[in-house]
Amino acid sequence: MSKVISFIKQHWRWFIILGGIILIILVIFLLISQSQESDNEIPPESNSSNQSDDSSDNKKIDDWQLDIKSSTPSAEASDSLTSTTAESLGFSTGGAKDINNFRQNIENGYLPIPTDISHEGLFYEYFFETDFEESDTCEQLFCPTYETAVSTDPFSNKNEHFLAVGLNSDLEIDSFQRKKLNLVLALDISGSMSSPFDKYYYNGRLLADQETRPDTRSKLEIASHALINLLNHLDDDDRLGIILFDHNVYQAKPIRLVEETDINALKGHLRELQAGGGTNMEAGYRQASQLLTEFSDAEQDEYENRIIFLTDAMPNIGALNNNDLANLIADNARQNIYTSFIGLGIDANSQLIETLSRTKGANHYFIHDSNEFIRRLNEGFDYMVTPLVFDLQLNLKSPGYKIKAVYGSPEADLSTGQLMKVNTLFPSLRINDQTRGGLVLLHLEKISDSTLIDLDISYKDRLGKHFKHSTKIDFPDSKTPYYSNLGIRKGIALARYVNVLRDWLAYQNNAQKYNIELHKHCKKPIDYRQCGIPVVSNADLGIWERTSKTLILDKKYQTIMLQLQNYLNTELSLIGDDQLQIEIDLLGKIIKATQH
């Protein structure tokens, strides 16, 4: 035994080397064995919607049909979800979902046009208390609540009467699930899409400091970036097609199931797009519609057919009449094909987009900050593509009141003294008993001492089923201001803000170009102290290719804007919504542009 130990001590280095060689041989043997097993194994089918799995990409189809030279790729933003937790869902109207075009024109020193700001667009940026409790008895999809107010016009000091309709639902956020999508993306790649977001393409003006601009990418680059992130919200059982258009139209991708599509390859193709040529919106929309025609009879309780149309809305070829384009969208809606418009750039023509998105099932957004749009997608893509309530009508019967104006509905101009109309309601987040955009405001005219109001509500769900219900309201006969809750007070303040700004913009942009009903006994600009804040209608420019005007405030409006700013400051302190400070600061920028 001692000899063996002595031998090992003398030759221990050779034992270590021999052991190492044996270990290496064993590792190599195991690796070869594992590789052979992996080659012979058939991978199981997966139902996962993870589209970035490299192992499955080689089984999917790259069906892109265009050969476009590469441009500078744009970075992708994080797809992390918002940390806000919603409790339940309410509703918001169709039409505008922001007033980004208005804000960005002001921020960059340009004069907006009246349609850059709308009541429903601004309302959707705020949450409204509607005094609806989930414990309330509500056995229908739509559960309206009603609030009343007598509010003093801050200029004329005359009392005005308002009725708010709270847009509530019986939907629980945990049980809500959107339908499977048959989706076509239609993207404008015309020459005007090559300009930066803060530049007017048709006169080349760029007022923002080139060195301090936060984003120098073109409208097309940011649109592609937005689409790439939108793809992350599609499920395997959705279908997707893509149309591109300039002065011509191109089928870039036929409609196909997402699970069969090479999404990573598709993202690469979207990064390569380049802009050029004229703008034929009609051709782009018609081709997108044709891709969805075969699905027009799809079961409405299972599928949603939608076109998402991204453009700066400055057509110069094809159908240029807004009625012709609107008729195309309305024809689609009758076939259960609905449309979302995404306006791109500071010069996007909001007047055209607003007109087109009044159609049943339609809505629109403006992109100026791609990360903000991605946050919106993360927070509400499923709501954006899921209209649930159609043809909502409120019939007001009262000997004491009639409807003077409706704020918060894109169909406001279709309303009469007795009737309020809303084409479409979409699901909307409800947080802390407040709903985003969850209010339509009726400005009432008192015509007698009677305080009784009968309200008849009717609407259809997505399957065409009719619903009706009625209620009675005894409008408090108050001679002094009061608000039944803070939601209606906030709505009134925001409505007055929009009315003053639209009135100013109509005047500043040359009033004779607009069809605006004003108090006949009031000169222009209006003597607000005599007549109060005006009720303004939609402007009608009829010019799609926008050129810029420098931001300017006629001195006649300076006192009005200062008084409006003071009014909002007071309302902020009473309502407690710090977001109103955004509007106060924006008024400050407008006041600084006073013409001397």
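Residues numbered from 1 in each chain as written. Predicted model: local features only at pLDDT ≥ 70, side-chain atom pairs only at ≥ 80, totals over all residues. Heavy atoms only, no water.

(A) Layout of the overall build of the protein. When you go through the protein residue by residue, the secondary structure sums to 15 helices and 19 strands. Counting every position in the protein, which comprises 596 residues, the buried fraction comes to 55%. By element, 49% of the accessible surface of the protein is carried by carbon and sulfur atoms, the whole surface being about 26,100 Å². (Helix = DSSP H or I, 4+ residues; strand = E, 2+ residues; numbered from the N terminus. Buried < 20%, exposed > 50% of the residue type's maximum accessible area, 1.4 Å probe, protein only. Areas by Shrake-Rupley, 256 points an atom, 1.4 Å probe, with all protein chains shown as cover.)

(B) Molecular detail of the sheet that holds strand S6 (residues 180–188). Across the sheet, seven strands lie side by side as S2-S11-S10-S9-S6-S7-S8; this open sheet has mixed pairing. Each having just a single partner strand, strand S2 (95–96) and strand S8 (249–257) make up the two edges of the open sheet. In the sheet, strand S10 (residues 337–344) pairs with strand S11 (residues 363–367) via five bridges, with the strands oriented parallel. In the strand pairing of S11, Leu344 is matched with Ile367. (Pairing = 2+ DSSP bridges.)

(C) Representation of the pattern of salt bridges in the model. Going through the model one piece at a time under the given rule, you end up with 23 salt bridges. When the shortest N-O distance is used, the salt bridge between Arg496 and Glu160 registers 2.9 Å. Linking Arg496 in helix H12 (residues 486–508) with Glu160 in strand S5 (residues 159–166), this pair joins segments that are 336 residues apart in sequence. Across the pair, Glu160 and Arg496 agree in class, each one buried. For Arg358, the salt bridge is made with Glu354, and the minimal N-O distance between the two is 3.5 Å. A relative accessible area of 5% places Glu354 in the buried class. Because the salt bridges share partners, they merge into one network encompassing Arg178, Asp235, Asp238 and Asp382. (Salt bridge = Lys/Arg side-chain N within 4 Å of Asp/Glu carboxyl O.)

(D) Summary view of the packing of aromatic side chains. Scanning all chains against the criterion turns up eleven aromatic pairs. Each ring, one from Phe142 and one from Tyr459, has its centre 5.6 Å from the other, and the planes form 90°; the classification is edge-to-face. Here the residue Phe142 occupies a position in the loop between strand S3 (127–129) and strand S4 (145–152), and Tyr459 occupies one in strand S17 (residues 452–461), the gap between them amounting to 317 residues. Both residues of the pair, Phe142 and Tyr459, belong to the buried class. Seen from their ring centres, Tyr459 and Phe467 are 5.1 Å apart, and the 10° between their planes marks the pair as stacked. Ring-pair connections join several aromatic residues into one group, and the members of that group are Phe91, Phe142, Tyr459 and Phe467. Just above the ring of Phe390 sits the side chain of Lys360; from NZ or CZ to the centre is 4.8 Å. Lying over the aromatic face of Tyr124, Arg436 brings its terminal NZ or CZ to 5.3 Å of the ring centre. (Phe/Tyr/Trp six-rings, centres within 6.5 Å; stacked < 30°, edge-to-face > 60°. Lys NZ or Arg CZ within 6 Å of the ring centre and 35° of its normal.)

(E) Main features of the confidence of the model for the protein. Looking at the protein, pLDDT values average 82 and 79% of them are 70 or higher. Contacts of residues 35–55 to residues separated by more than four positions or lying in other chains number 14 contacts, the stretch itself having pLDDT below 50. Residue range residues 68–84 is modelled with pLDDT below 50. Its contacts to residues more than four positions away, or to other chains, number 38 contacts. (pLDDT = per-residue confidence, 0-100. Contact = heavy atoms within 4.5 Å.)

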